[in-house]
Amino acid sequence: MWAIYRETGIFLSACRHGLIWWICDMVLSGELAKYPLAIVNEALDAFGDKVGLGYDIGCSFTETIAKSSISEKAKAKGLRLVVPAFHGYAHKRLCQLSFHPLYAGGFGIEDLETAERIFSSFNGLANVTRYASRFHRHQSIDLYAQQHDDDKYQELCMYSP
């Protein structure tokens, strides 16, 4: 009976424009390194060299990548991890100097908090999917994510200088 509660959340990756790249279920374990490692591996394959990513624990996750099976690929492709701006202020000063986007080159004025904004927009979906079957939960999340991306894509097209 309790098997319906195997999923403990979702893990996602998105671009700075708010478009969702990848989304997956976190199953039984909570937020372990396997989810961001899988997404980093996909990003390295999809985007090529000099990939820059923000992750709440980007400082310690850099060490995790160095000890993982994707370490050589990450080095060869010049992967750069930083801590998103809001989360960065909770880290120690030495960590901020190395991993805060204000001090790390190549990130411009981006705050890298896109995932937090997406999760905030997904909050309304929790009540609808709480007791849904796995299929209907996935279906609802997929439809919501598609609509979210459609809205973000439309916002990109509305920019006029």
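Here the structure is a predicted model, which means the values were calculated and not measured.

(A) Looking closely at the overall build of the protein. Counting its regular elements, the protein contains 7 helices and 4 strands. For the protein, the C-alpha radius of gyration of 17 Å lies close to 15 Å, the compact-globule estimate for 161 residues. Per-residue burial for the protein yields a buried fraction of 37% across its 161 residues. For the protein, the share of sequence-separated contacts (at least 6 apart) that also reach a separation of at least 24 residues comes to 57%. Carbon together with sulfur atoms contributes 58% to the accessible area of the protein, which is approximately 10300 Å² in total. Across the protein, the centroid of the 16 positively charged side chains sits 7 Å from that of the 18 negatively charged ones.

(B) Summary view of the nonpolar core. The biggest cluster of nonpolar side chains holds 17 residues, and the ones touching the most others in it are Val40, Leu53, Phe61, Ile65 and Leu79. Elements that contribute at least two residues to this core include exactly α1 (34–47) and α2 (58–66). Take this core: its biggest share by element is 6 residues, from α1. By size, the runner-up hydrophobic cluster in this structure holds 9 residues, among which are Ile10, Ala14, Ile118 and Leu125.

(C) Molecular detail of the confidence of the model for the protein. On average, the protein scores 86 in pLDDT, and the residues at 70 or more come to 94%. Of all helices and strands in the protein, the one with the weakest mean pLDDT is helix α4 (residues 85–88) (76), whereas helix α3 (residues 71–76) scores best (94).

(D) Expanded view of the packing of aromatic side chains. Per the counting criterion, the structure on display carries 7 aromatic pairs. Their ring planes at 25° and their centres at 6.3 Å tell us that Phe11 and Tyr35 sit as a pair that is stacked. One end of the pair, Phe11, is in strand β1 (residues 7–14); the other, Tyr35, is in helix α1, and 24 residues separate them in sequence. Across the pair, exposure class does not vary: Phe11 and Tyr35 are buried alike.

(E) Spotlight on the pattern of salt bridges. Evaluation of the coordinates by the stated rule reveals 4 salt bridges. Across the pair Asp25 and Arg137 runs a salt bridge, and its minimum N-O distance is 2.6 Å. Of this pair, Asp25 sits in strand β2 (residues 20–27) while Arg137 sits in helix α7 (residues 134–157), and the two are 112 residues apart along the sequence. Look at Asp25 and you get buried, because its relative accessible area is 18%. A salt bridge links Arg117 to Asp111; the nearest nitrogen and oxygen atoms lie 3.1 Å apart. Overall, Asp111 belongs to the partly exposed group, its relative accessible area being 27%.

(F) Focus on unusual backbone geometry. Not every positive phi belongs to a glycine, and Lys50 is a case in point at roughly 55°. Along the polypeptide, Lys50 turns up in the loop between α1 and β3 (52–54). Taking the relative accessible area as the measure of exposure, Lys50 reaches 73% and is therefore exposed. In the Ramachandran plot, Leu112 falls in the positive-phi region, its phi being about 60° despite a non-glycine side chain. Looking at the element boundaries, Leu112 is found in the loop between α5 (93–99) and α6 (114–129). Residue classification places Leu112 among the buried positions, given a relative accessible area of 18%.

The rules behind the values
Residues numbered from 1 in each chain as written. Predicted model: local features only at pLDDT ≥ 70, side-chain atom pairs only at ≥ 80, totals over all residues. Heavy atoms only, no water. Helix = DSSP H or I, 4+ residues; strand = E, 2+ residues; numbered from the N terminus. Rg over C-alpha atoms; globule rule 2.2 N^0.38 Å. Buried < 20%, exposed > 50% of the residue type's maximum accessible area, 1.4 Å probe, protein only. Contact = heavy atoms within 4.5 Å. Areas by Shrake-Rupley, 256 points an atom, 1.4 Å probe, with all protein chains shown as cover. Lys, Arg positive; Asp, Glu negative; His and termini not counted. Charge placed at Lys NZ, Arg CZ, Asp CG, Glu CD. Core = buried A, V, L, I, M, F, W, Y, C linked by side-chain atoms within 4.5 Å. pLDDT = per-residue confidence, 0-100. Phe/Tyr/Trp six-rings, centres within 6.5 Å; stacked < 30°, edge-to-face > 60°. Salt bridge = Lys/Arg side-chain N within 4 Å of Asp/Glu carboxyl O.

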